[in-house]
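What follows is the residue order along each chain.
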Amino acid sequence: MDKVKLATVWLAGCSGCHMSFLDLDEWLFEVAKFADIVYSPVGCDLKEYPEGVDVCLVEGAVANEENLELLYKVRERTKLLVSFGDCAVTANVPAMRNMLGSTEPVLKRCYLELGDETPQLPHEPGIVPELLDRVRPIHELVTVDLFLPGCPPSAPRIQAAIEPLLKGESPVMEGREMLKFG
Ligand code: SF4
């Protein structure tokens, strides 16, 4: 049987969901029996998201142009996209800035009002990605195949969700153990 091509992606999140993925510890050796990790911020240093990915866990909300571009590419090149963690599912912590209404007051607050010695707005086109006006959960922008909530989802929950996927089966996403936020 061909191995599953597995990817993980990090958008606007704290990387805690990826840390939880690493908490799978020795079960990661099981993952390696069924899957090749073809793109990930942990354990894989490819810069370009590849074609033909079977399963991708997407951590984080969509907060800037770079996140958006990568998410569209991921959706186009991935069979089964998992919204991985509360930031991906609801926009969660990164969306707290939505309360300020738009990008401008957020930048002013962070870089001018709270700036120390040389307050200035960041502006490096092509280097610093432009912020989107609102931070959004990923299902508002692309089709999501599976929601895996949690902040972060615990390692046992991640295992319960992806073990069936790696065998071509569907996980049972029911009950508090699998669906509780936070
Ligand atoms: S869901 Fe929680 S742990 Fe995961 S990226 Fe967001 S804040 Fe971090």
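Each residue is numbered by its place in its chain's sequence as written, counting from 1. Thresholds applied to this predicted model are a pLDDT of at least 70 for local features of residues and 80 or more for the giving and counting of side-chain atom pairs; totals over whole chains, interfaces and linings are not thresholded and use all residues. To get the side-chain values, all heavy atoms of the structure are used, and hydrogens and water are removed first.

### Looking at helix α3 (residues 65-77)
Along an α-helix, residues three or four positions apart point the same way, because every turn accommodates 3.6 residues. Rules: Strands are runs of DSSP state E lasting at least two residues, helices are runs of H or I lasting at least four, and both sets are numbered from the N terminus onward. Take the number of residues in a helix, subtract one, and multiply by 1.5 Å to get its expected span. Partly exposed residues are those whose accessible area sits between 20% and 50% of the maximum for their type, while under 20% is buried and over 50% is exposed, using a 1.4 Å probe and protein chains only. When checking whether two residues touch, look at their non-hydrogen atoms; a contact exists if any pair is within 4.5 Å.
Here α3 is 13 residues long and its end C-alpha atoms lie 19 Å apart, about the 18 Å a rise of 1.5 Å per residue gives. Of the residues making up α3, those classed as buried are N67, L68, L71, V74, R75 and R77. Taken together, the buried residues of α3 touch β1 (4-10), β3 (53-59), β4 (62-64), β5 (78-84) and β6 (131-136).

### A look at the site of the ligand
Put simply, the rule reads: Any residue with a heavy atom positioned within 4 Å of a molecule or strand is treated as near that molecule or strand. For this classification, the nonpolar set comprises Ala, Val, Leu, Ile, Met, Phe, Trp, Tyr, Cys and Pro, the charged set comprises Asp, Glu, Lys and Arg, and every other residue, Gly included, is treated as polar.
Around the ligand lies a shell formed by G13, C14, G16, C17, E59, D86, C87, N92, G150, C151 and P152. Elements that contribute at least two residues to the shell around the ligand include exactly α1 (16-22) and α4 (86-90). Of the residues contributing to the shell around the ligand, the split by class is 5 nonpolar, 4 polar and 2 charged.

### Some thoughts on the layout of surface pockets
In plain terms, the rule: Buriedness for pockets is judged along seven lines, at least five of which must meet protein on both sides within 12 Å for an open set on the 1 Å grid over protein atoms alone, while cavities are sets there where a 1.4 Å probe fits but cannot get out, and lining residues have an atom within 4 Å of a point. Grid points are joined across faces, edges and corners, and a volume is the space filled by probe spheres set on the points.
Each pocket or cavity is described by its volume, and for the largest pocket that value is around 420 Å³. Surrounding the largest pocket, 17 residues form its lining, W10, Y39, K47, E66 and L70 being those nearest its centre. When residues of the lining of the largest pocket are traced back to their parent elements, those giving at least two are β1 and α3. It is α3 that contributes the most residues to the lining of the largest pocket, 5 residues altogether. Of the residues contributing to the lining of the largest pocket, the split by class is 9 nonpolar, 2 polar and 6 charged. By volume, the second largest pocket is sized at about 330 Å³. For the second largest pocket, the lining is made up of 14 residues, of which L107, P122, V128, P129 and L131 are closest to its centre. In terms of residue count, helix α5 (residues 103-113) provides more of the lining of the second largest pocket than any other element does, 5 residues in total. In terms of residue class, the lining of the second largest pocket is built from 8 nonpolar, 3 polar and 3 charged.

### Notes on a nonpolar patch on the surface
Defined as follows: Residues enter a patch when their relative accessible area is above 30% and they make no salt bridge; the linking distance is 9 Å between like charges and 5 Å between nonpolar side chains (Val, Leu, Ile, Met, Phe, Trp, Tyr). To be clear on the numbers: accessible area is Shrake-Rupley with a 1.4 Å probe, and residue cover counts the displayed protein chains and nothing else. We define a salt bridge as a side-chain nitrogen of Lys or Arg found within 4 Å of a carboxyl oxygen belonging to Asp or Glu.
There is a patch of nonpolar side chains on the surface, built from V93, M96 and M99 and spanning about 360 Å² of accessible area. Counting through the fold element by element, M96 comes out in the loop between α4 and α5. Exposure remark for M96: the relative accessible area of 52% places this residue in the exposed category.

### Quick notes on the pattern of salt bridges
Going through the model one piece at a time under the given rule, you end up with 12 salt bridges. A salt bridge links E51 to R77; its shortest N-O distance comes to 3.6 Å. Separated by 26 residues along the polypeptide, E51 in the loop between β2 (35-39) and β3 and R77 in helix α3 bring together distant segments of the chain. The exposure class assigned to E51 is exposed, which follows from its relative accessible area of 57%. Several salt bridges share partner residues, and in doing so they unite E48, E51, K73 and R77 into one network.

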